[in-house]
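Residue-level listing of the chains:
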Amino acid sequence: MGFNKFHAQRAHCGKHSHASRGEAEFCCELQLQERAGLLVIEKNQPNVFLTEAKIRIIPDWLVRQGGKEFFIDYKGFDSQSWKRNRKLWQHYGPMPLQVWRKKGNRFFCSEIIQGKEATTNGEKEENEKVREEKEVTK
């Protein structure tokens, strides 16, 4: 098995390979939710092209839940490229991106980046306020 740039070994969830054990464990969690009928995993590792320059970002999953589609990305920790991609997604993302992490044995959604399709009712501003509050309490 190979290592990635963060020295994480590739891992399998039972269906396919993932960049880390945490990502594979989260995929198993999504698969359980899919079997329970709570969501549908539309695609693993979808290519998303942002800006007119077609900058490619690859979230971990495209998911449909309750008639709405959104992307999910599992993060073990923030890299420099993620910090850049977060800013790009805020301005050019085609739909919301949920960022999930793990603390102990629990997965949690650390933020939702609305992207360019955010409505004018303040969803984007509300998300920034929640993210700032979480950073303050860390």
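Model, not experiment: these values are computed from the prediction.

Caption draft 1: Quick look at the packing of aromatic side chains. Enumeration according to the criterion identifies six aromatic pairs in this entry. Ring geometry for Phe26 versus Trp100: centroids 5.3 Å apart, planes at 35°, classification tilted. Of this pair, Phe26 sits in helix H1 (residues 21-35) while Trp100 is found in strand S8 (residues 97-103), placing the two residues 74 residues apart along the sequence. Phe26 sits in the buried class, given a relative accessible area of 3%. Judged by centre distance (5.4 Å) and plane angle (80°), the rings of Phe71 and Trp89 are edge-to-face. Taken together, the residues span a long stretch of sequence, with Phe71 in strand S7 (residues 68-74) and Trp89 in helix H2 (residues 80-92) at a distance of 18 residues. In this structure Phe71 comes out as buried when scored by relative accessible area, which is 5%. With a relative accessible area of 1%, Trp89 lands in the buried category.

Caption draft 2: Focus on unusual backbone geometry. For Gln45, which is not a glycine, the phi torsion comes out positive at approximately 55°. Tracing the backbone shows Gln45 in the loop between strand S3 (40-44) and strand S4 (48-50). Non-glycine residue Lys54 carries a positive phi angle of around 60°. Mapped onto the elements of the fold, Lys54 is located in the loop between S4 and strand S5 (55-57).

Caption draft 3: Broad picture of the sheet that holds strand S6 (residues 61-65). Taken in spatial order, the five strands make up an open sheet running S3-S6-S7-S8-S9, and their pairing is mixed. Across the chains shown, the open sheet's two edge strands, defined by having one partner strand only, are S3 and strand S9 (106-113). With strand direction ignored, the average angle separating the axes of adjacent strands in the sheet is 30°. As paired strands, S3 and S6 are joined by four bridges and run antiparallel to one another.

Caption draft 4: View of H2. If you check H2, its first and last C-alpha atoms are 18 Å apart, about what 13 residues at 1.5 Å a residue would give, namely 18 Å. Within the span of H2, buried status applies to Trp82, Asn85, Arg86, Leu88, Trp89 and Gln90.

Caption draft 5: Structural detail: the environment of Asn47. Looking at the secondary structure, you find Asn47 in the loop between S3 and S4. You can call Asn47 partly exposed: its relative accessible area is 44%. When the C-alpha positions of Asn47 and Ile58 are compared, they lie 5.0 Å apart, and in sequence the two are 11 residues distant. Apart from the residues within four sequence positions on either side, Asn47 is in contact with Arg56, Ile57 and Ile58. A distance of 3.4 Å separates a polar atom in the side chain of Asn47 from a polar atom in the side chain of Arg56.

Caption draft 6: Structural detail: the confidence of the model for the protein chain. Scored by pLDDT, the protein chain comes out at a mean of 82, with 78% of its residues at no less than 70. When the elements of the protein chain are averaged for pLDDT, helix H3 (residues 123-137) gives the smallest value, 48, and S6 the largest, 96. Contacts of residues 129-138 to residues separated by more than four positions or lying in other chains number four contacts, the stretch itself having pLDDT below 50.

Rules used in this analysis
- All residue numbers refer to position in the chain's written sequence, counted from 1.
- Confidence filtering applies because this is a predicted model: local features only for residues at pLDDT of at least 70, side-chain atom pairs given and counted only at 80 or more, and all residues used for totals across whole chains, interfaces and linings.
- Excluding hydrogens and water, the side-chain values take into account all heavy atoms of the structure.
- Note on aromatic contacts: the rings of Phe and Tyr and the six-membered ring of Trp form a pair at centre separations within 6.5 Å, being stacked when their planes are under 30 degrees apart, edge-to-face when over 60 apart, and tilted otherwise.
- Think of it this way: any DSSP run of H or I at least four residues long counts as a helix, any run of E at least two long counts as a strand, and we number them from the N terminus.
- Buried residues are those whose accessible area, probed at 1.4 Å on protein chains only, stays under 20% of the maximum for their type, while exposed residues exceed 50% and partly exposed ones sit between those limits.
- Here, any two strands with at least 2 DSSP bridges between them count as paired.
- Note on geometry: axes are lines fitted to C-alpha atoms, helical ones only across the stretch in contact, with angles between N-to-C directions running from 0 to 180 degrees.
- To estimate how far a helix should extend, the number of its residues minus one is multiplied by 1.5 Å.
- Two residues qualify as a contact provided that any one of their heavy atoms is within 4.5 Å of a heavy atom in the partner residue.
- Here a polar contact is taken to be a pair of N or O atoms separated by no more than 3.5 Å, where protein atoms must pair a possible hydrogen donor with a possible acceptor and residues adjacent in sequence count only if both atoms sit in side chains.
- pLDDT runs from 0 to 100 and stands for how confident the predictor is about each residue.

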